[in-house]
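A closer look at the structure
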Amino acid sequence: MPESMNKVGLLAEFESTAAILHAATVVRDAGYRRWDVFTPFPVHGMDEAMGLGNSKVGWFSFIGGVTGFTTGMVMIWWMNAFDYSIIVGGKPLLSPIYAFPVSYELTILLGSIASLLGMLVLNRLPRLYNPIFRSTRFHLVTHDRFFIAIEANDPKFSDSETRNLLQNAGSTHVEEVRD
Amino acid sequence: MAEQLIRDVPIIPVTPPELERIPLVAHRRSLGWLSDTIAGIVEGKTPMWWKISFAIAFTIMVVCFSCITYLMATGVGVWGLMVPVAWAWDITNFVWWIGIGHAGTLISAILFLLRQRWRTSINRAAEAMTIFAVICAGIFPLIHIGRIWYGWWLLPIPNANSIWPQFRSPLLWDVFAVSTYFTVSLLFWYMGLIPDLATMRDRARTKIRKILYGLFALGWTGSNRHWSNYEKAYLILAGLSTPLVLSVHSVVSFDFAVSQLPGWHTTIFPPYFVAGAIFSGFGMVLTLVLPLRTLCKLQDVITIRHIELMGKVVLATGSMVGYAYGMEFFIAWYGGNPYELYAFKNRAFGPYWWAYWTMISCNVICPQLFWFKAVRSNVVIVFIISIFVYIPSNCAYYSPTWVDIWTFIGTIGLFMTLFLLFQRFLPMIAIAEVKGVTPQADPHHPLGGAKVGGHH
């Protein structure tokens, strides 16, 4: 790749689940902040190895669910008891019992939509362009290879030291990613 | 001396052979093999069996839409329906299709929460089945109303008459339950597809595949920061889908149970409908998956153990349905309501006795064969029983016309058309999820790169 392009970071390849899990703990302990692990499937224990906290998707789902239930109840009260109130079979104009099934379904509907959107928002997806795909080996990440990328704008990043760290952690191939 | 010896030998716990778990992927296939095999089905040449099946399914689908067009142009009189307030075949077809869909959500959500890792080999196809079955189901409530152009009155949209839908009616609950079910199933399915679409994108050779798979993969990289949020969202969706699937068929059963009709006005309906739905849906999963397993050479991913486990689910839910049939009869007698008892006596010994006993023998007696391991592990017998399991759940109450019959058969064509398209253009097995249950994915397993004696 031409040297004129900006350096984005270093990409290190690993060959097994155990190797990438071990390497992740090494990079975490070295104090890097702007780095990531790429795997073909979620690796059990990787969140701890990387030092990630609990995902925040649950808050999106919770807000979605509460919105759904409230929307359902208010909508049914407004439509059947307030805006156009009809007495049917001598039953009360509004009862939480008959309003429940629809509100329940709306809780699930909006909760689910919020979970998916929350996941996409937190992951900054969809993303149309990503310099990491410039690496010719990176397409194997969805096949059977494992990668660690450390960004060049990490405060601890140093070309030679970071490269050594990744090689000592067991990487079989370290390359630069440029953009 | 003895103590010294013990200290020198690393202690590796040895699993006795009878406790060794059968691996979920046979023949120790590698991670790359899984991608190559499953994605290869989509990338390879279109097989002849696919072209023939698609031509048949497509033709039947055209018949379905022709019948619906004829119905819309003429009126509901083209059916054998002679009671203006009844639904006739529409309701049975609707209930049948919704029920078929339930197994997909059971596999994707409930088995996920129960940590049944074998579900990964069949969940993608089963979820696709759910979505297509709900599409087929949705047709019937829409066309039964006669004046189809008023179908939008079901939705709470302001209209020129300034009136609103009646939320006290279970039929309106149905609208919300089924549309929520469809939307959530679609979201869940799509979310599961994202990592596999990325696999398809990274393997793509042609421009059009790169663009289309790339767009729908949303730029997925397999980043662990992404996986972390993804897995949480997946767990929450499974948690939300579980009460959803239990509620959908409960709400459908309220359409019957809330009425005053003898034989329908019972509290057993919601659990009975849900068990029956999962039961018939599993039958459909087996019918779809078993031929594809052979045609696409997936015997190492969908192993005999998977088939056996599905047989056990059919046995369990079939027995629940059998219990419900028995309990209905018992309560009809024990409840002391003469009309209720008459309805049941008439069902079993009246003019439709043959339909009742076909249903009992297929739905209750037939699955009992799955008590035997030899039956459960015989692919051909399982396939035949799986068809018996769901066919008679849809029994006739009156004389249908050819339009009734062909509209129903036509929806099977629609279903098969959609399913074949899915099978041809999307990975029919969740590649990333199956990789996740292999020993290579376990960092503490020798195949995952762990050193003997344990790595940590």
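All figures in this text were calculated on a predicted structure; none of them were measured in a lab.

Let us now look at the overall build of chain B. The secondary structure content of chain B amounts to 16 helices and zero strands. On C-alpha atoms alone, chain B measures out to a radius of gyration of 25 Å, which is about the 23 Å that the 2.2 N^0.38 rule sets for 456 residues. In terms of principal-axis extent, the alpha carbons of chain B reach across some 90 × 60 × 45 Å. By the burial criterion, 42% of the 456 residues in chain B qualify as buried. Counting contacts in chain B only where the partners sit at least 6 residues apart, residues at least 24 apart contribute 80% of the total.

On to the interface of chain A and chain B. Taken together, the contact between chain A and chain B spans 59 residues of the former and 55 residues of the latter. Of the residues contributing to the side of chain A that touches chain B, the split by class is 35 nonpolar, 17 polar and seven charged.

Right, let's talk about the domain arrangement of chain A for a bit. A common way to state how big an interface is: give the accessible area lost once the parts meet. Under the domain assignment, chain A is made up of domain 1 (7–53 + 130–178) and domain 2 (57–122). Just the C-alpha atoms count here: the centres of domain 1 of chain A and domain 2 of chain A sit 44 Å apart.

Next up on the list: helix 4 (residues 89–113) of chain B. Residues and elements named next belong to chain B. Its 25 residues give helix 4 an end-to-end C-alpha distance of 36 Å, which sits within 8% of 36 Å, the value for a rise of 1.5 Å per residue. Bending of helix 4 peaks at approximately 40 degrees at the position of L106. In the stretch just after helix 4, R115 is the one whose phi turns positive, near 55 degrees.

All names here are of chain B. Where helix 6 (residues 170–203) meets helix 7 (residues 207–217), the axes come as close as 8 Å, and the angle between the chain directions of the two elements is 155 degrees. Compared by their axis directions, helix 6 and helix 7 come out roughly antiparallel. The handedness of the crossing between helix 6 and helix 7 is left-handed. Of the residues in helix 7, those touching helix 6 at I194, L197, A198, M200 and R201 are K210, Y213, G214, F216 and A217. Among the residues making up the contact of helix 6 with helix 7, the classes are represented as seven nonpolar, one polar and two charged.

All names here are of chain B. Its place among the elements puts G146 in the loop between helix 5 (123–144) and helix 6. On the neighbour-count criterion, G146 (13 C-beta atoms within 10 Å) is partly exposed. For the pair G146 and S185, spaced 39 residues apart in sequence, the C-alpha to C-alpha distance is 29 Å. Filtering out sequence-adjacent residues up to four positions away, G146 remains in contact with G75 and V76.

On to the sheet that holds strand 1 (residues 7–14) of chain A, then. Consider a sheet: its strands pair through backbone hydrogen bonds, and that pairing is either parallel or antiparallel. Residues and elements named next belong to chain A. Taken in spatial order, the four strands of this open sheet run 2-3-1-4, and their pairing is antiparallel. The sheet terminates laterally at strand 2 (35–38) and strand 4 (173–178), the two strands that pair on one side only. On average, adjacent strands in this sheet sit at an angle of 20 degrees to one another, irrespective of strand direction. Contacts from helix 1 (residues 17–29) reach strand 1, strand 2 and strand 3 (146–151) within the one sheet, and its direction differs from that of strand 3 by about 15 degrees.

Our focus in this paragraph is unusual backbone geometry. Cis geometry is adopted by the peptide bond preceding P126(A), which originates at L125(A) and carries an omega value of -5 degrees. Counting through the fold element by element, P126(A) comes out in the loop between helix 4 (96–122) and strand 3. With phi around 55 degrees, R124(A) is a residue other than glycine that occupies positive phi space. Relative to the elements of secondary structure, R124(A) occurs in the loop between helix 4 and strand 3. One non-glycine residue, R115(B), lies in the positive phi region at around 55 degrees.

It is worth spelling out the environment of T266(B) at this point. All names here are of chain B. By secondary structure assignment, the location of T266 is in the loop between helix 8 (224–257) and helix 9 (269–295). When the 19 C-beta atoms within 10 Å are taken as the criterion, T266 is described as partly exposed. Linking T266 and E340, residues 74 residues apart in sequence, is a C-alpha distance of 9.9 Å. Contact partners of T266, with chain neighbours within four places excluded, come to A257, E328 and I331.

Bringing the pairing of strand 3 of chain A into the picture now. Residue and element names in this part refer to chain A. A large share of strand 3 lies buried, amounting to five of its six residues. Pairing geometry for strand 1 and strand 3, over six bridges, is antiparallel. Bridge pairing in strand 3 places L10 opposite I150. By the bridge criterion, four bridges tie strand 2 to strand 3 in an arrangement that is antiparallel. Residue pairing across strands places W35 opposite I150, the latter belonging to strand 3.

Bringing the nonpolar core into the picture now. Counting residues in each nonpolar core, the largest one holds 161 residues, and the members touching the most others are A24(A), I148(A), I98(B), M129(B) and V285(B). Apart from residues lying up to four places away in sequence, M129(B) is in contact with G101(B), G104(B), M284(B), V285(B), L288(B) and F419(B).

Turning next to the confidence of the model for chain B. All names here are of chain B. Looking at chain B as a whole, the pLDDT averages 87, with 93% of positions reaching at least 70. Mean pLDDT per element in chain B: helix 1 (residues 2–8) is the minimum at 46, and helix 3 (residues 48–74) is the maximum at 95. Low pLDDT, under 50, characterises residues 1–10; the stretch is placed with one contact to residues that sit more than four places away or in other chains. Confidence estimates for the predicted assembly give a pTM of 0.91 and an ipTM of 0.94.

Moving on, we come to the confidence of the model for chain A. Averaged over every residue, the pLDDT of chain A is 92; residues scoring 70 or more account for 98%. Looking over chain A, one finds the lowest element-wise mean pLDDT in strand 4 of chain A, namely 91, and the highest in helix 4 of chain A, namely 96.

What follows covers helix 9 of chain B. Residue and element names in this part refer to chain B. Between its terminal C-alpha atoms helix 9 stretches 39 Å, which fits the 39 Å expected from 27 residues at 1.5 Å a residue. Counting buried residues along helix 9, 19 of its 27 residues qualify, which places the element largely inside the surrounding structure. Immediately beyond the C-terminal end of helix 9, within one or two residues, lies K297, with a positive phi of roughly 55 degrees.

This part covers the environment of G448(B). Looking at the element boundaries, G448(B) is found in the segment after helix 16 (431–436). Here G448(B) is in contact with S16(A), T17(A), A18(A), P439(B), Q440(B), A441(B), D442(B) and P443(B), once residues within four sequence places are set aside.

Cut-offs applied
Residues numbered from 1 in each chain as written. Chains lettered and ligands numbered in written order. Predicted model: local features only at pLDDT ≥ 70, side-chain atom pairs only at ≥ 80, totals over all residues. Helix = DSSP H or I, 4+ residues; strand = E, 2+ residues; numbered from the N terminus. Rg over C-alpha atoms; globule rule 2.2 N^0.38 Å. Buried ≥ 20, exposed ≤ 12 C-beta atoms within 10 Å, placed from the backbone. Contact = placed C-beta atoms within 7 Å. Nonpolar A, V, L, I, M, F, W, Y, C, P; charged D, E, K, R; others polar. Domains from an automatic or database assignment. Expected span 1.5 Å × (residues − 1). Bend = angle between axes of the 7 residues up to and from the residue. Axes fitted to C-alpha atoms, helices over the stretch in contact; angles between N-to-C directions. Parallel < 35°, antiparallel > 145°, perpendicular 65-115°, else oblique. Left-handed = near helix turned anticlockwise from the far one by under 90°. Pairing = 2+ DSSP bridges. Core = buried A, V, L, I, M, F, W, Y, C linked by C-beta atoms within 7 Å. pLDDT = per-residue confidence, 0-100.

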